[in-house]
Amino acid sequence: MRHLGSLLLAVLLIGLGGCNPAPSQTEQISASPHPDSAPAKEVIEWRLATSWPKNFAGLGMAPERFAKLVNDMSHGRLQIHVYGAGELMPAFAVFDGVSQGKVQMAHAASYYWKGKAPASQFFSSIPFGMTAQEMNGWLHYGGGMALWEEVYRPFGIIPLAGGNTGMQMGGWFNKPINTIADFKGLKIRMPGLGGEVLKRVGAVPVNMAGRELYGALQTGSIDAAEWVGPVNDLAFGLHKVAKYYYYPGWHEPGSNMEFLINKAAFESLPEDLQAIVKGAARAINQDMLDEYTTRNVTALETLVKDEGVVLKAFPPEVLSELERISQQVIEEQAEQDPMMRKVYRAYHAYEQGVREYHKISEDAYSQQRQH
């Protein structure tokens, strides 16, 4: 009987083991889908080509910081990969690269495209034109951005202000400039309208990428060059191949940089990512100016005190003559192109107003603290 009872108990246990008990409430919760198992977010990847060496101070770091800011603000949904000049395309090919959709973005300076759109020069810097702060005012509150967008529309490009170097230096020379005649026959690297002005006084303006300047000055293929200002000029070692460092940068009193965006690529983004791109560009626009304002101070001290650079001012009569010729060149070119004429009139009207105000504000203060 004991063996029979044990057998019946075993059968009963086997029968009960075949019936799975209902899961507890705790087990039901743990079995439900975990939030982390939700579909992964879509990641959009863009390429941004620049006209500057990779990670170059100021100019080259602005797009790097922009890309990081966009990545952080979008929580990784929009990732922008930055390429220096020559990595994907030459420095001066980035406009066409964006226009043709080879890359979604670029970072450059608009006066490089004067052959494609003469009016583009007003959105970077023109000789004896507006300062950095005045440019920002015109672009963002004075109607400048709408005109800039109109100029680039035929190319399928959306522009955004992408930083400002502030007042640049006048350039590096291997002979002193005492009179306007000293420019005659001088081969000098100077892009944009500044180069056209120097051509009128007998110079031979050359447009070349910044990374080529050292070698060109060293070999004598050019006699002089302007680049940016102390921090960038020091990084390129231009003080080793030229003796005199002139100021002020009459040709670029407030050089505005640009982000170029392929219009179709931008419009394909969700609205929140579009807003992030615009907001990040606006932040970087100010950030670059802040960096140059600070770092140029120490870089100039290094050039003069440690490297023995001869710092010289252009004579007042030379600047006066350059200003007179600049006005002629700008007006003549504006009359040759309807869009350039439209932009010039708007630029000039804003500049006249802000210049009058600054006479009793910024200029008056600067004059007073010189005493």
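Residues numbered from 1 in each chain as written. Predicted model: local features only at pLDDT ≥ 70, side-chain atom pairs only at ≥ 80, totals over all residues. Heavy atoms only, no water.

S.K.: Quick rundown of the pairing of strand β10 (residues 256–262)? Include the residues and the values.
M.R.: Of all seven residues that make up β10, seven are buried, and the element is covered over most of its length. Across four bridges, strand β3 (residues 105–108) lies against β10 in antiparallel orientation. Of the residues in β10, the one forming a bridge with Ala-108 is Glu-258. Of the strand pairs in this sheet, strand β4 (residues 157–164) and β10 are connected by six bridges, and their pairing is antiparallel. Within β10, the residue paired with Ile-158 across the bridge is Ile-261. (Buried < 20%, exposed > 50% of the residue type's maximum accessible area, 1.4 Å probe, protein only. Helix = DSSP H or I, 4+ residues; strand = E, 2+ residues; numbered from the N terminus. Pairing = 2+ DSSP bridges.)

S.K.: I'd like to hear about helix α6 (residues 144–152), residue by residue, with values.
M.R.: Buried within α6 we find Gly-144, Met-145, Leu-147, Trp-148, Val-151 and Tyr-152. Along the axis of α6, the buried residues cluster in a sector spanning 160 degrees; they form a single face. Summarising the contacts, the buried residues of α6 are in contact with α4 (94–99), α5 (132–141), β4, β10 and α13 (338–359). (Arc of directions from axis to C-beta. Contact = heavy atoms within 4.5 Å.)

S.K.: So what about the environment of Gln-100? Which residues, and what values?
M.R.: Within the element layout of this structure, Gln-100 appears in the loop between α4 and β3. The class for Gln-100 is exposed, based on a relative accessible area of 51%. For the pair Gln-100 and Gly-156, spaced 56 residues apart in sequence, the C-alpha to C-alpha distance is 8.3 Å. There is a polar contact of 3.2 Å between the side chain of Gln-100 and the side chain of Lys-102. (Polar contact = N/O pair within 3.5 Å; in protein donor to acceptor, adjacent residues only side chain to side chain.)

S.K.: I'd like to hear about the sheet that holds β10, residue by residue, with values.
M.R.: Spatial ordering of the open sheet is given by β2-β1-β3-β10-β4, a layout of five strands whose pairing is mixed. Every other strand in the sheet has two partners, leaving β2 (78–83) and β4 as the edge strands with one partner each. Taking the axes of each pair of neighbouring strands and ignoring which way they run, one obtains an average angle of 25 degrees across the sheet. Bridge count between strand β1 (residues 44–50) and β3: three bridges; the pairing is parallel. Within β3, the position partnered with Thr-50 by the bridge is His-107. Lying on the sheet, α6 is in contact with β4 and β10; it crosses β4 at an angle near 130 degrees. The sheet contacts of helix α11 (residues 271–306) involve β1, β2, β3, β4 and β10, and relative to β4 the element is tilted by about 30 degrees. (Axes fitted to C-alpha atoms, helices over the stretch in contact; angles between N-to-C directions.)

All quantities given are derived from atomic positions and should not be read as evidence of function.
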